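Architecture and fold: a report
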Amino acid sequence: MTSAPSASELDKFRADTRAWLEENCPQAMRSKILDPSEEVWGGRNASFKLPESKLWLERMAAKGWTAPTWPTQYGGGGLSSAEARVLDEELRRINARSALKSFGLWMLGPVLLEYGNEEQRQRFLPGIIRGETRWCQGYSEPGAGSDLASLATRAELQGDHYLINGQKIWTSHADKADWMFCLVRTDPSAKKHDGISFILIDMQSPGVSVRPIQLISGASPFCESFFEDVRVPKENLVGELNHGWSVAKRLLQHERALISKLRDDAPEEDETLPEMALRLINGGEPGPLADHALREKLAQVEMDFLCNKLTLRRSSESIAAGIGPGPETSMFKLYGTELNKRRKELKVLFMGYQGIGWEGEGYSARELQMTRDWLRSRANSIEGGSSEIQLNIIAKRVLGLPGSS
Ligand SMILES: Cc1cc2nc3c(=O)[nH]c(=O)nc-3n(C[C@H](O)[C@H](O)[C@H](O)COP(=O)(O)OP(=O)(O)OC[C@H]3O[C@@H](n4cnc5c(N)ncnc54)[C@H](O)[C@@H]3O)c2cc1C
């Protein structure tokens, strides 16, 4: 890790970064994404709805700035946490879009840096940074969601490979992913947390099949993933055999840290909550909100949002400095996702009847998107472990309360 830069070095870094962004961030990439199909997720079959988004990804990846704090030897930016903060501020200043959204960047990469061997880092990290490989997460199974350690997908060592049989569920975007990071049971006779391993599976391997799950809302990223005698090379095991639970938990901490702050960057946030309230409740007039009850709700949500944001900033600086994440990410995940639900609900309240449309001419695309985002926010407190499970973790691992016997 790079040593902390001085104030004058940081000022210079800011000036250089600003100049580079001015020259390299295409104009079309300087606005919030209002249409999720414009997001870039990379992978073998990457789609770029706007040609500028391909250019933007290539330029950011060439600088290593899709993974600003990862070591340069794998193609990362090699920035200190302070420099990464500056980069983030400069990107926000020009309203730059995220060049790449990726489970590889958010979840797998940090875990490979910590638990992977050198060969695995060199093999997988550059592809993640350049957006060439798209990853999905194979954790949940029909009988193992909250109780993840009950997972039953079996991996048997047979010479130079593992033979994998079983099923995963709720695998987001498995139909588009190139690879899966997956939890498998390698020792069925051990206690349930002890016989688990963390393995990387090429989704093009013979015996892997994926079936999209239809939801009542129509569009759905969910899939079921099936493994039938899938041969996975031995060297794709990350960390120690039968000790995958520690890797799995660490990855969840990264995932929870991400989910708790992701909403801050949600696609439709092109105006602040108070701006929206003034537009919809006050007819654009400045001054106190005409509706007293909504005013109180808004003030409370805004204060909670700010406090949460500051706390998250402190935590992400610790993570960038190599401390954590730890079980306290469960607090952020719980608070962040519950707060996000309150924020989204408030927006729908501001919109009145326009907030309850599903389709049809009476609603603008933006209104429909907000209603769908409100409904989608309900899933935030389930994905990455439900709120109840976070409460259990906080009680046990953060507060040290005794468990039930
Ligand atoms: C949007 C979204 C994306 C997802 N993406 C992925 C993915 O890419 N890959 C993947 O592997 N999984 C994914 N999941 C699955 C997710 O991890 C699980 O849904 C989650 O862990 C809950 O498991 P479950 O659905 O089996 O619910 P269950 O475990 O059956 O829980 C049902 C209810 O019981 C409660 N409950 C269960 N146990 C306890 C307990 N001990 N104490 C108190 N309450 C309890 C839960 O809080 C919940 O309310 C995704 C889920 C969502 C919603």
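Please read these numbers as outputs of a predicted model, since none were measured by experiment. (Residues numbered from 1 in each chain as written. Predicted model: local features only at pLDDT ≥ 70, side-chain atom pairs only at ≥ 80, totals over all residues.)

Notes on the overall build of the chain
Filter applied, for reference: Strands here mean DSSP runs of E at least two residues long; helices mean DSSP runs of H or I at least four residues long; both are numbered from the N terminus. Just to be clear, the radius of gyration here is over C-alpha atoms, and the globule rule we use is 2.2 Å times residues to the power 0.38. Here exposure depends only on C-beta density: within 10 Å of a residue's C-beta, 20 or more other C-beta atoms make it buried, 12 or fewer make it exposed, and intermediate numbers make it partly exposed, the C-beta atoms being placed from the backbone. Any pair of residues counts as being in contact when their C-beta atoms, constructed from backbone geometry, are within 7 Å of one another.
Scanning the chain for helices and strands turns up 11 helices and 8 strands. The C-alpha atoms of the chain give 22 Å as radius of gyration, which agrees with the globular expectation for 405 residues (22 Å, within 12%). Overall, the chain is about 70 × 50 × 45 Å in size when its C-alpha atoms are taken along their principal axes. A total of 405 residues make up the chain; the buried ones form 35% of that total. Taking the intrachain contacts of the chain between residues at least 6 apart in sequence as the baseline, contacts between residues at least 24 apart amount to 70%.

Some thoughts on the domain arrangement of the chain
One frequent convention defines the size of an interface as the accessible area lost when the parts assemble. Stated precisely, the cut-off is as follows: An automatic or database domain assignment provides the domain bounds reported here.
When its domains are assigned, the chain resolves into domain 1 (7-109), domain 2 (135-242) and domain 3 (246-398). Each of domain 1 and domain 2 has a C-alpha centre, and the two are 30 Å apart. Contacts between the two partners involve 7 residues from domain 1 and, on the opposite side, 7 residues from domain 2.

Topic: the packing of helix H7 (residues 273-281) against helix H9 (residues 329-351)
The test is simple: Note on geometry: axes are lines fitted to C-alpha atoms, helical ones only across the stretch in contact, with angles between N-to-C directions running from 0 to 180 degrees. Oblique is the label for any angle not under 35 degrees, not over 145, and not in the 65 to 115 range, which are roughly parallel, roughly antiparallel and roughly perpendicular in turn. Note on convention: the crossing is left-handed when the near helix lies turned anticlockwise from the far helix by less than a right angle, right-handed when the turn is clockwise. For this scheme, ten residues count as nonpolar: Ala, Val, Leu, Ile, Met, Phe, Trp, Tyr, Cys and Pro. Four count as charged, namely Asp, Glu, Lys and Arg, and the remainder, Gly too, count as polar.
Across the interface, H7 lies against H9 with an axial gap of 9 Å and an inter-helix angle of 15°. Compared by their axis directions, H7 and H9 come out roughly parallel. Remark: the crossing between H7 and H9 carries left-handed chirality. Packed against H7, whose contacting residues are Leu 273, Met 276, Ala 277, Leu 280 and Ile 281, the element H9 presents Arg 343, Leu 346, Lys 347, Phe 350 and Met 351 at the interface. Tallied by class, the residues present in the contact of H7 with H9 amount to 8 nonpolar, no polar and 2 charged.

What about the site of the ligand?
Heads up, the rule is: Nearness here is judged by the C-beta atom: place it from the backbone, and if it falls within 6 Å of a molecule or strand, the residue counts as near that partner.
Taken together, the neighbourhood of the ligand is formed by 18 residues, with Tyr 139, Gly 145, Ser 146, Ser 386 and Glu 388 sitting nearest. If you list the elements that add at least two residues to the shell around the ligand, you get strand E1 (135-138) and helix H11 (387-398). Tallied by class, residues from the shell around the ligand come to 6 nonpolar, 10 polar and 2 charged. Residues lining the shell around the ligand come from more than one domain, with at least three contributed by each of domain 2 (135-242) and domain 3 (246-398).

With respect to the nonpolar core
Note the threshold: Under the definition applied here, buried Ala, Val, Leu, Ile, Met, Phe, Trp, Tyr and Cys residues are grouped into a nonpolar core through C-beta atoms within 7 Å.
By size, the foremost hydrophobic cluster in this structure holds 60 residues, and its most contacted members are Leu 108, Trp 135, Met 180, Leu 183, Ile 199 and Ile 201. In terms of nonpolar packing, the next biggest core, distinct from the first, is built from 6 residues, Leu 278, Leu 289, Leu 346 and Phe 350 among them.

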